[in-house]
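# Coordinate analysis (summary)
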Amino acid sequence: MRLDPSAILKEHELKHTKQRVRVLEEIALDTAAISQPELEKKLGKEIDRVTLYRILNIYEDKGILHRIMDMNGTANYAICSPSCTEDHHHDEHVHFNCTSCAKIYCLEVNAPKVKMPAGYTAKTINTTAYGICEKCNSSKVQ
Ligand SMILES: [Zn+2]
Ligand SMILES: [Zn+2]
Ligand SMILES: [Zn+2]
């Protein structure tokens, strides 16, 4: 695992709790983002919904996780790039939403720069590509 939950909590001056570590561990398991319902299902025995929700909010505020809405409007969470900070997210990469397995991947490609018209200040631009992911493509019968 490339991610050390304890080190991340320390770096962001967050209190070390077992539940906080568990959330990060669970999210770091897969290369794909994880949806909130899936997290609830996996951690439901250890962490109640309200606590989980609170932990996710803290992580998003601190620049540890970013939220991606999928095509059904469900929140998905992925680990941020190291350049994200408390007030500013720098996750200007493309998200890929697979229409077959419904998973969301953070792709290491830069989102195209969009020039805003005068008077508009964009804080975040979400670029999501829809299609078939690598896994689904390779599992197809040739
Ligand atoms: Zn971020
Ligand atoms: Zn897929
Ligand atoms: Zn992402």
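Right, let's walk through the structure included here. (Residues numbered from 1 in each chain as written. Chains lettered and ligands numbered in written order. Predicted model: local features only at pLDDT ≥ 70, side-chain atom pairs only at ≥ 80, totals over all residues. Heavy atoms only, no water.)

## Focus: the sheet that holds strand S4 (residues 93-98)
Read from one edge of the open sheet, three strands run S5-S4-S6, paired in mixed fashion. Each edge of the open sheet carries a strand with a single partner, namely strand S5 (104-110) and strand S6 (128-131). Across the sheet, the mean angle separating the axes of adjacent strands is 30° when strand polarity is ignored. Sheet analysis places S4 next to S5, joined by five bridges and oriented antiparallel. Within S5, the position partnered with His93 by the bridge is Asn110. (Pairing = 2+ DSSP bridges. Helix = DSSP H or I, 4+ residues; strand = E, 2+ residues; numbered from the N terminus. Axes fitted to C-alpha atoms, helices over the stretch in contact; angles between N-to-C directions.)

## Regarding the pattern of salt bridges
Opposite charge on two side chains permits pairing when their charged atoms draw close. Across all of its chains, the model carries eight salt bridges by this definition. Residues Asp30 and Lys103 are paired through a salt bridge, measuring 3.0 Å at the closest nitrogen-oxygen approach. Linking Asp30 in the loop between helix H2 (18-28) and strand S1 (34-35) with Lys103 in the loop between S4 and S5, this pair joins segments that are 73 residues apart in sequence. Relative accessible area serves as the criterion here: at 32%, Asp30 is assigned to the partly exposed category. Among the residues examined, Lys103 registers a relative accessible area of 28% and is labelled partly exposed. Through salt bridges with shared partners, a single ionic network connects Arg22, Glu25, Glu26, Lys42 and Glu46. (Salt bridge = Lys/Arg side-chain N within 4 Å of Asp/Glu carboxyl O. Buried < 20%, exposed > 50% of the residue type's maximum accessible area, 1.4 Å probe, protein only.)

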